[in-house]
Amino acid sequence: MPDLHRLISDANRAFWDQDAARYHAAHPEYLADFYWCPEMLSEEDARLLGELDGKRVVEIGCGSASCTRWVSGRAELAVGCDISAAMLRRAASNEDGNPLPLVQADALRLPFKDGSFDIAFSAFGAFPFIADLDAALAEVSRVIIPGGRFVFSVNHPMRWIFPDDPESLTAEVSYFDRAYMEHDDEGRISYAEFHRTMGDWIRALQVRGNFIIDNLIEPEWPADLERTWGQWSPKRGEVFPGTAIFCCTRRSNDIERLL
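Residues numbered from 1 in each chain as written. Predicted model: local features only at pLDDT ≥ 70, side-chain atom pairs only at ≥ 80, totals over all residues. Heavy atoms only, no water.

- Under an unreviewed UniProt entry, the protein has the name Demethylmenaquinone methyltransferase and belongs to Corynebacterium endometrii.

Spelled out as structure tokens, the structure:
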């Protein structure tokens, strides 16, 4: 039987290749700059990545690399990787007009040497679509230096229990149901997305994984933001968070596990 993780990767690669045009047409404002989430929290304001001058930075699940482009003008090196060739083809040049260094790659098999980067980040890229979270986090740990920074945004675990309808405030899905998959007419996986409880994230990152969680940000919905974005809406944003942003440090050595 083919490896399940490979089937999931292949399905999501095909999905994002097919959906790239629609996605960009639907979210032009969000893709115009470095925003962490549909609440439109910008890196320009939040500075979650820290000091970028002289740093080597990789974005995992970069899509059309709007965030990589922003970083490229501020860091020594900014590299974006994504599983979808169609998304990467939509990437703009950097601020100097030169092509960005982009790589088509699965987050489970990053094509970089150990310790290649000082910082890794992901803005709603890759991690919600990976079944083997431990393997993906191990790859992040491998490619960044000890003491390096890892920041990523994902659906807030609370969001999972509500239906796709952005106007609904009725919980309908079990918080403990951790996977959603679609299949085509022949029974093959055509799309897959995975949910983690808050405890799942803590255990994956800090108990089993090689990271220390420095901060967890749950952006509030801005009072002047009236636009609905997929499952995100002003109505929902008034009462519960839609995004979780984890700010982490890669452990320097095993002794820190005992502290």
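### Regarding the pattern of salt bridges
Then step 1. If you walk through the whole model with that rule in mind, you get 14 salt bridges.
Then step 2. For Glu44, the salt bridge is made with Arg47, and the minimal N-O distance between the two is 2.9 Å.
Then step 3. We classify Glu44 as partly exposed; its relative accessible area is 38%.
Then step 4. With a shortest N-O distance of 2.8 Å, Glu139 and Arg142 are connected by a salt bridge. One end of the pair is Glu139 and the other is Arg142, both in helix H5 (residues 133-143) and three residues apart, which spans about a single turn.
Then step 5. Salt bridges sharing partners connect three or more residues here, namely Glu44, Arg47 and Arg74. (Salt bridge = Lys/Arg side-chain N within 4 Å of Asp/Glu carboxyl O. Buried < 20%, exposed > 50% of the residue type's maximum accessible area, 1.4 Å probe, protein only. Helix = DSSP H or I, 4+ residues; strand = E, 2+ residues; numbered from the N terminus.)

### Details of the environment of Tyr180
Then step 1. For Tyr180, the position within the fold is in strand E6 (residues 179-183).
Then step 2. Assessed through its relative accessible area of 39%, Tyr180 is described here as partly exposed.
Then step 3. For the pair Tyr180 and Ala192, spaced 12 residues apart in the sequence, the C-alpha separation amounts to 5.8 Å.
Then step 4. In this view, Tyr180 contacts Trp160, Tyr191, Ala192 and Glu193; residues no more than four positions away in its chain are not counted.
Then step 5. Of the polar contacts made by the side chain of Tyr180, one reaches the side chain of Glu182; its length is 2.7 Å. (Contact = heavy atoms within 4.5 Å. Polar contact = N/O pair within 3.5 Å; in protein donor to acceptor, adjacent residues only side chain to side chain.)

### Comments concerning the pairing of strand E2 (residues 77-82)
Then step 1. By the criterion of burial, E2 is predominantly enclosed, with five of the six residues buried.
Then step 2. Pairing of strand E1 (residues 56-60) with E2, which is carried by five bridges, proceeds in the parallel orientation. In the strand pairing of E2, Val58 is matched with Val79. (Pairing = 2+ DSSP bridges.)

### A few points about unusual backbone geometry
Then step 1. Even without being a glycine, Phe124 presents a positive backbone phi close to 60°.
Then step 2. Take Phe124: it is sitting in the loop between strand E4 (117-123) and H5.
Then step 3. In this structure, Ala126 is a non-glycine residue whose phi angle is positive, near 70°.
Then step 4. A relative accessible area of 17% means that Ala126 is categorised as buried.

### Considerations on a negative patch on the surface
Then step 1. On the surface, Asp164, Asp165, Glu167 and Glu172 cluster together into a patch of negative charge.
Then step 2. Tracing the chain through its elements places Glu167 in the loop between strand E5 (144-155) and E6.
Then step 3. Given a relative accessible area of 40%, Glu167 falls into the partly exposed group. (Patch = residues over 30% accessible without salt bridge, like charges linked within 9 Å, V, L, I, M, F, W, Y side chains within 5 Å. Areas by Shrake-Rupley, 256 points an atom, 1.4 Å probe, with all protein chains shown as cover. Lys, Arg positive; Asp, Glu negative; His and termini not counted. Charge placed at Lys NZ, Arg CZ, Asp CG, Glu CD.)

### Focus on the environment of Gly199
Then step 1. Structurally, the position occupied by Gly199 is in helix H6 (residues 198-207).
Then step 2. Along the sequence, Gly199 and Pro157 sit 42 residues apart, while their C-alpha atoms lie 9.6 Å from each other.

### Brief notes about the packing of H5 against H6
Then step 1. Relative to each other, H5 and H6 sit at 40°, their axes nearing to 10 Å. Between H5 and H6, the angle is such that the two are oblique. Where H5 crosses over H6, the two elements pack in a sense that is right-handed. Contact residues: H5 offers Leu133, Asp134 and Leu137, while H6 offers Trp201, Ala204 and Leu205.
Then step 2. When the residues that make up the contact of H5 with H6 are grouped by side-chain class, the tally is five nonpolar, no polar and one charged. (Axes fitted to C-alpha atoms, helices over the stretch in contact; angles between N-to-C directions. Parallel < 35°, antiparallel > 145°, perpendicular 65-115°, else oblique. Left-handed = near helix turned anticlockwise from the far one by under 90°. Nonpolar A, V, L, I, M, F, W, Y, C, P; charged D, E, K, R; others polar.)

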